Amino acid sequence: MTPAEARVDLSAIRDNVALLGERAPGAELMVAVKADGYGHGLVASAGACLEGGATRLGTAYLREALRLRAEGITAPILSWIIPPGEPLEEAIHQDVELSAGAPGLVDAIAVAAGRTGRIARLHLKADTGMSRGGAVAADWPALVERAMARQSEGTVEIVGLWSHLACSDMPGHPSIEAQLTAFDEALAIAEKAGAGGSHVVRHIANSAATLLLPQARYDMVRPGLAAFGLSPVPRLGGFGLRPAMSLVARIALTKRVPAGSGVSYGHLYITDRETTLGLVPLGYADGVPRHSTGRVEVVAAGRRRPVVGRVCMDQFVIDVGDDALEEGDEVILFGDGSRGEPTAQEWADSLGTITHEIVTGIGSRVPRVYR
Ligand SMILES: Cc1ncc(COP(=O)(O)O)c(C=O)c1O
């Protein structure tokens, strides 16, 4: 084994995706595999999602979609963050579907499509109340009109109408119904303008909406986090999902130190007795947040151990008292909890964040090892 690795159970991803498919009957299933498959590895995760029943993949950036194509993935892929200067021609050539939320981008895509001699497949994005990507209600008719004009000239084809929910993980939040109403209005305007044929896929639901909001399914759901086994609404439980990643390391060094030993930068921890310390070869450059000290536990030598002393860039220290710990012993930072280890959810709760940030934060030095 390497000094540390993120073990990814691809069968868990397959099963989670199958479960999401069952929870959204009648809807197509696109899984968001952006950010290196939520830290689980882009290509392997995408393959597992497709095996689990996803028919499409979503990425934030074109370079993620192009990497999937380079690795031989032929399923439809939608990319949705397209700043100026992106390789539009290559994306169109590689059949990557493109999101546009402004007429200027529709034009840029149409020009690029004209150069390739292919028709670009467009998903028009409505901002229904998140104030992130997409056209707000006042700008939506102009966006649809521009896309329709480009469609008539034969450079683009509108294949999707979509939006994103801001508070789907907060059941009952008034913005949910407001956004769905705004989405329906945007769809009606597009349909009236002729952009709503039966081949046009309407989609708005992320993981939480896929699991909790049947009225948000439309033609397709677009979960990410849940595919990796992490709950989009932790206070409502795990929804039967299985966490796919465990983060493990091997102890690099052990030592007995006397009482009164200051540990790591700043001596945040001082031993109160003679004890055994273990050095774990993972640090904040690998996704163990610097402020994990005293907040997060790991499993070593059969039990939970606190992270003591400042987490450094490449390493941190655990205190195992008088228990036996040897170099090479396995330390489990987080996993599915079956060996007594914390879950990524427990880490997220202790660190005041969400599991998205924990798993996507695992650095590139940590190899992903698939089972
Ligand atoms: C546009 C879009 N769709 C879908 C998703 C998937 O969301 P989640 O991981 O909460 O299911 C994301 C992720 O943030 C997103 O940005």
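Only a predicted model underlies this, so the values are computations on that prediction, with no experimental measurement involved.

## Here we look at the overall build of the protein
Scanning the protein from terminus to terminus reveals eleven helices and 19 strands. Expressed as lengths along the three principal axes of its C-alpha atoms, the size of the protein is roughly 80 × 45 × 35 Å. Looking at the protein as a whole, 52% of its 371 residues qualify as buried. For the protein, long-range pairs separated by at least 24 residues make up 65% of all intrachain contacts whose partners lie at least 6 apart in sequence.

## Focus: the pairing of strand β15 (residues 297-300)
As defined by bridge partners, β15 adjoins strand β16 (residues 303-308) across four bridges and the pair is classed as antiparallel. Bridge assignment links Ala300 to a residue of β16, and that residue is Arg303. Counting the residues in the hairpin turn of β15 and β16 gives two residues, including Ala301, whose phi is positive at 45°.

## Examining the pattern of salt bridges
This model, assessed by the stated rule, comprises 27 salt bridges. Residues Arg304 and Glu297 are paired through a salt bridge, measuring 3.0 Å at the closest nitrogen-oxygen approach. Relative accessible area serves as the criterion here: at 28%, Arg304 is assigned to the partly exposed category. Each of Glu28, Arg56, Glu97, Arg121 and Glu157 takes part in a single network of salt bridges with overlapping partners.

## Re the pairing of strand β7 (residues 156-162)
Of all seven residues that make up β7, six are buried, and the element is covered over most of its length. In this structure, strand β6 (residues 120-125) lies alongside β7, joined through six bridges in parallel fashion. The partner of Lys125 across the bridge, within β7, is Trp162. With respect to chirality, the unit in which β6 leads through helix α7 (residues 140-153) into the neighbouring parallel β7 is right-handed. Inspection of the sheet shows β7 paired to strand β8 (residues 201-205) by three bridges, in the parallel sense.

## Remarks on the packing of α7 against helix α8 (residues 174-192)
Across the interface, α7 lies against α8 with an axial gap of 10 Å and an inter-helix angle of 35°. Like other packed secondary-structure pairs, α7 and α8 cross with a definite hand, here right-handed. Seen from α7, the contacting residues are Trp140, Pro141 and Val144; seen from α8, they are Ala186, Ile189 and Ala190. Each residue belonging to the contact of α7 with α8 can be placed in one class, and the counts come to six nonpolar, no polar and no charged.

## Focus: the site of the ligand
Neighbouring the ligand are 13 residues; Lys34, Tyr38, Ser207, Arg222 and Gly224 lie closest to it. A distance of 2.5 Å separates an oxygen atom of the ligand from a polar side-chain atom of Tyr38. A distance of 3.3 Å separates an oxygen atom of the ligand from a polar side-chain atom of His356. In isolation the ligand exposes 390 Å². Once the protein is present, 91% of that is buried. Using a 2 Å cut-off from the grid points, one finds that the ligand occupies the largest pocket. For the shell around the ligand, the class distribution of residues is five nonpolar, five polar and three charged.

## Some words on the sheet that holds β8
Strand order in the closed barrel formed by eight strands is β2-β3-β4-β5-β6-β7-β8-β9, and the pairing between neighbours is parallel. Strands β5 (96-100), β6 and β7 of the sheet are contacted by helix α6 (residues 103-116), whose axis makes an angle of about 150° with β5.

## Digging into the layout of surface pockets
Looking at the largest pocket, its volume works out to about 860 Å³. Residue lining of the largest pocket: 40 residues in total, with Lys34, Met130, Arg132, His164 and Asn206 positioned closest to the centre. When contributions to the lining of the largest pocket are tallied by element, the ones reaching two or more residues are α2 (34-38), β5, α9 (207-212), α10 (344-351) and α11 (355-360). Classifying every residue of the lining of the largest pocket by side-chain character gives 20 nonpolar, 14 polar and six charged. Taken domain by domain, the makeup of the lining of the largest pocket includes at least three residues from each of domain 1 (10-227) and domain 2 (245-370).

Calculation notes
- Residues numbered from 1 in each chain as written.
- Predicted model: local features only at pLDDT ≥ 70, side-chain atom pairs only at ≥ 80, totals over all residues.
- Heavy atoms only, no water.
- Helix = DSSP H or I, 4+ residues; strand = E, 2+ residues; numbered from the N terminus.
- Buried < 20%, exposed > 50% of the residue type's maximum accessible area, 1.4 Å probe, protein only.
- Contact = heavy atoms within 4.5 Å.
- Pairing = 2+ DSSP bridges.
- Salt bridge = Lys/Arg side-chain N within 4 Å of Asp/Glu carboxyl O.
- Right-handed = clockwise from strand over helix to strand, strands pointing away.
- Axes fitted to C-alpha atoms, helices over the stretch in contact; angles between N-to-C directions.
- Left-handed = near helix turned anticlockwise from the far one by under 90°.
- Nonpolar A, V, L, I, M, F, W, Y, C, P; charged D, E, K, R; others polar.
- Near = heavy atom within 4 Å.
- Polar contact = N/O pair within 3.5 Å; in protein donor to acceptor, adjacent residues only side chain to side chain.
- Areas by Shrake-Rupley, 256 points an atom, 1.4 Å probe, with all protein chains shown as cover.
- 1 Å grid on protein atoms, 1.4 Å probe; cavity = no way out; pocket = protein on both sides within 12 Å on 5 of 7 lines; lining within 4 Å.
- Sits in = over half its atoms within 2 Å of the grid points.
- Points joined across faces, edges and corners; volume = space filled by probe spheres on them.
- Domains from an automatic or database assignment.

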